[in-house]
Amino acid sequence: MSSLMPRLTIEQLNAATPAECVALLDGTYEHSPWIAARAATQRPFKSLAHLKQVLAEVVRHARLDEQLGLIRAHPELAGKAMVSKTLTMESTGEQSRAGLTDCTPAEFAQLQQLNADYNARFGFPFILAVRGPRGQGLGRQEIIATFERRLTAHPEDERAECLRNIHRIAEIRLGDKFGLSPELGHQVWDRAEQLAQHSEPGYAERGELTVTYLTEAHRACAAQLVRWMREDCGFDEVGIDAVGNVVGVYHGTEPQARRLLTGSHFDTVRNGGKYDGRLGILVPMAVVRELHRAGRRLPFGIEVVGFAEEEGQRYKATFIGSSALVGQFEPMWLDQLDAEGIPMRAALAEAGLDVAQIPALARDAARYLGFVEVHIEQGPVLSELDLPLGVVSSINGSVRLMGEVRGQASHAGTTPMGRRRDAAAAVAELLLFVEQRAASVQHVVGTVGMLSVPNGSINVVPGCCRFSLDIRATTDAARDACLADVRRHLDEICAARGLHAQLEETMRAPAAPSDPAWQARWERAVAQLGLPVHTLPSGAGHDAMKLHELLPQAMLFVRGGNGGISHNPLESITSDDAELAVQAFKTLVDQLEREMTP
């Protein structure tokens, strides 16, 4: 956008006539003025974030034919309209920035074939926000790879994904119209990219991100976080503690003042994403950086912890970093071996950490106000609602079990169907019951994620079947009621089929409901941005679950891209959403300051 062009403001939109409002928003959505016209009836817009949300809501509630018309109003990527130079000014700039006007003959031919295949399958053009999650533009090969991946999607899912990309295109265009750039969001996004440069051998060569506890890549991430905290963000105290946590403290007006504790983990699953955990470190770092640059001190300190381990990938222990802070580090963990036979004790020594100092890491609750954590949602809810932020009401309680059903292995050809003692069929029946039982109660989920028939053969009726069971719910009571019903049904199945079953509980974690006062602070922070407040439970476990045992806690979720997928390289956020997360955290800090100021 030229610096000579007048910048649009929310005040202008709110003061304009309906026709003027539509004209001011022209080009935001391709050849679809009806979106702006309907949005104009919902003025006044509270903020740019509110405007984006209203526009997206108009589309979400539109008729199917209107949604399809919007999708079909967009040109194909590197299609006939680009060749004939009949694209809109906005689309021309976007496709040019992505390099689609400079395709090699082979790339152009490939895109033409993909366009034809996609239209044949879905009946509408492929839509991708080619300026990408940061707004700087995707590469041609990245565009082609996304095109190929989405060709296999379910038609309804793909229509929704096209609409989400259209909203992202509109978001970037609105940023241009308003002359606004999410600089703090860019900072968070860029640091996540830089941190992702550290990955373990065997994964790094394939461009995959894997950082497990105390590996060389893990220690490099810790060192990078220390440098940023110390050299750029202005923390007063920065260090790595005895379990490998990175700890940064920004003092309040009095160094001994109580602190707000925050943070998340920087280890990853194997071949994981760039934002799981790390977002919750980088967002408060950006806030501290702004406070430091403004020379501003608060009546409380801010302690940001990059937890060294949460995922349980290298050793069987999980939540190592946060367990140490609540005084629950188990000495027996030190003797656990990784896949290469290296004890945790040796890995800590190799990293220069003193296990004798671990008990001293336990925090005194009296020195803290509470714990808050920002985290990517890791699910589809916010994405499907077109909401960038959500407030967590509770972290689900969970229970995990390993089960085995035993029957009688027998010849598949000679054993009549009515005479079989088929262990696998029994587990299949149980799996369907778990699915139905969990779905019957809101916020309960049940999963049979592992199934195996030991020594199975294509021509043998299974005599044994082993399986896993994972049940989660927002309350322990709902979780336990589901498990009781599953146990009872398994007994009934076995009695009817002449089988025997065993279930061994391997893990149990209590639900962690958000503290009402801290949840309310997050809700007010989201509302102050002009966004609807949406609360939702967390089905995944987080470090906040451990801190819940020591301090009042509450979490803020940030929308994930690609349908909310996580624990996957496709995990994604936009810098615009990261900006809103930083602003929400700043607002929460401001609220706390007002509450503590006489």
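Caption draft 1: Broad picture of the packing of aromatic side chains. For the structure shown, the criterion picks out nine aromatic pairs. Seen from their ring centres, tyrosine 118 and phenylalanine 124 are 6.0 Å apart, and the 70° between their planes marks the pair as edge-to-face. The pair formed by tyrosine 118 and phenylalanine 124 is uniform in burial state, with each residue classed as buried. Here tyrosine 118 and phenylalanine 126 contribute two aromatic rings whose centre-to-centre distance is 5.4 Å and whose plane-to-plane angle is 75°, an arrangement assigned as edge-to-face. Per residue, the accessibility class of tyrosine 118 equals that of phenylalanine 126, and both read buried.

Caption draft 2: Looking closely at the pattern of salt bridges. Going through the model one piece at a time under the given rule, you end up with 43 salt bridges. Between glutamate 290 and arginine 289 there is a salt bridge whose closest N-O contact spans 3.9 Å. Residue classification places arginine 289 among the buried positions, given a relative accessible area of 13%. As a salt-bridge pair, aspartate 480 and arginine 508 come within 2.9 Å of each other at their nearest N and O atoms. Residue aspartate 480 is found in helix α18 (residues 476-497), and its partner arginine 508 is found in strand β13 (residues 500-509); the two are separated by 28 residues along the sequence. Of the residues examined, arginine 508 reaches a relative accessible area of 39% and is grouped as partly exposed. Within the structure, one salt-bridge network assembled from shared partners comprises Arg191, Asp232, Arg289, Glu290 and Arg293.

Caption draft 3: Structural context of the packing of helix α3 (residues 33-40) against helix α4 (residues 48-60). The contact between α3 and α4 brings their axes to 9 Å, and the two run at 115°. Between α3 and α4, the angle falls in the class roughly perpendicular. Helix-helix and strand crossings are classified by hand; for α3 and α4 the assignment is right-handed. Residue-level inspection shows Trp34, Ile35, Ala36, Arg38 and Ala39 of α3 in contact with α4, the latter providing Val54, Leu55, Val58 and Val59. Considering only residue class, the contact of α3 with α4 consists of eight nonpolar, no polar and one charged.

Caption draft 4: View of unusual backbone geometry. A cis amide bond links arginine 43 to the next residue, proline 44, at an omega of 10°. Structurally, proline 44 can be placed in the loop between α3 and α4. In the Ramachandran plot, phenylalanine 319 falls in the positive-phi region, its phi being about 55° despite a non-glycine side chain. Along the chain, phenylalanine 319 falls in the loop between β4 (301-307) and α14 (320-325). A positive phi angle, near 50°, is found at asparagine 562, a position not held by glycine. Within the secondary structure, asparagine 562 is located in the loop between β16 (553-558) and α21 (575-596). With a relative accessible area of 30%, asparagine 562 lands in the partly exposed category.

Caption draft 5: Molecular detail of the side chain of arginine 173. With respect to the helices and strands, arginine 173 occurs in helix α10 (residues 155-178). The residues contacting arginine 173, other than those within four sequence positions of it, are Gly27, Thr28, Glu30, Glu90, Ser91 and Glu94.

Caption draft 6: View of helix α19 (residues 516-528). Between its terminal C-alpha atoms α19 stretches 18 Å, which fits the 18 Å expected from 13 residues at 1.5 Å a residue. The opening residue of α19, the one whose side-chain oxygen lies 3.2 Å from the backbone nitrogen of alanine 517, is aspartate 515. Positioned one or two residues after α19, glycine 530 has a phi angle of 90°, which is positive.

Caption draft 7: Main features of the pairing of β4. Counting buried residues along β4, seven of its seven residues qualify, which places the element largely inside the surrounding structure. Here β4 shows no split at all, with Gly301, Glu303, Val305 and Phe307 on one side and Ile302, Val304 and Gly306 on the other all buried. Where strand β2 (residues 246-250) meets β4, five bridges bridge the pair, whose relative direction is antiparallel. Bridging across to β4, valine 247 finds its partner in valine 305. Here strand β3 (residues 259-265) pairs with β4 via seven bridges, running parallel. Its bridge partner being in β4, glycine 263 is matched across the sheet by valine 305. Running through helix α13 (residues 279-293), the crossover from β3 to the neighbouring parallel element β4 is right-handed.

Caption draft 8: How the structure looks around the pairing of strand β12 (residues 464-473). Counting buried residues along β12, nine of its 10 residues qualify, which places the element largely inside the surrounding structure. The pairing of strand β7 (residues 397-406) with β12 spans 10 bridges and is antiparallel. By the bridge assignment, glycine 397 is partnered in β12 with alanine 473. Pairing of strand β9 (residues 444-447) with β12, which is carried by four bridges, proceeds in the antiparallel orientation. Residue pairing across strands places glycine 446 opposite isoleucine 471, the latter belonging to β12. Here two bridges tie strand β10 (residues 451-452) to β12, and the two strands are oriented antiparallel to one another. Counted as the bridge partner of leucine 451 is phenylalanine 467 from β12.

Caption draft 9: View of the packing of helix α8 (residues 105-122) against helix α9 (residues 140-150). Where α8 meets α9, the axes come as close as 10 Å, and the angle between the chain directions of the two elements is 25°. Looking at the two axes, α8 sits roughly parallel to α9. The handedness of the crossing between α8 and α9 comes out as left-handed. The segment α8 lies against α9, with Glu107, Gln110, Leu111, Leu114, Asn115, Tyr118 and Phe122 engaging Arg140, Gln141, Ile144, Phe147, Glu148 and Arg150. Classifying every residue of the contact of α8 with α9 gives six nonpolar, three polar and four charged.

Caption draft 10: Spatial organisation of the environment of valine 374. One can find valine 374 in strand β5 (residues 368-376). Since its relative accessible area comes to 0%, valine 374 is described here as buried. Between the C-alpha atom of valine 374 and that of phenylalanine 585, which follows or precedes it by 211 residues, the distance is 8.4 Å. Ignoring anything within four residues of it in the chain, the contact list for valine 374 reads Leu279, Gly280, Val283, Trp522, Leu556, Val558, Ala581 and Phe585.

About the thresholds
- Residues numbered from 1 in each chain as written.
- Predicted model: local features only at pLDDT ≥ 70, side-chain atom pairs only at ≥ 80, totals over all residues.
- Heavy atoms only, no water.
- Phe/Tyr/Trp six-rings, centres within 6.5 Å; stacked < 30°, edge-to-face > 60°.
- Buried < 20%, exposed > 50% of the residue type's maximum accessible area, 1.4 Å probe, protein only.
- Salt bridge = Lys/Arg side-chain N within 4 Å of Asp/Glu carboxyl O.
- Helix = DSSP H or I, 4+ residues; strand = E, 2+ residues; numbered from the N terminus.
- Axes fitted to C-alpha atoms, helices over the stretch in contact; angles between N-to-C directions.
- Parallel < 35°, antiparallel > 145°, perpendicular 65-115°, else oblique.
- Left-handed = near helix turned anticlockwise from the far one by under 90°.
- Contact = heavy atoms within 4.5 Å.
- Nonpolar A, V, L, I, M, F, W, Y, C, P; charged D, E, K, R; others polar.
- Expected span 1.5 Å × (residues − 1).
- Polar contact = N/O pair within 3.5 Å; in protein donor to acceptor, adjacent residues only side chain to side chain.
- Pairing = 2+ DSSP bridges.
- Right-handed = clockwise from strand over helix to strand, strands pointing away.

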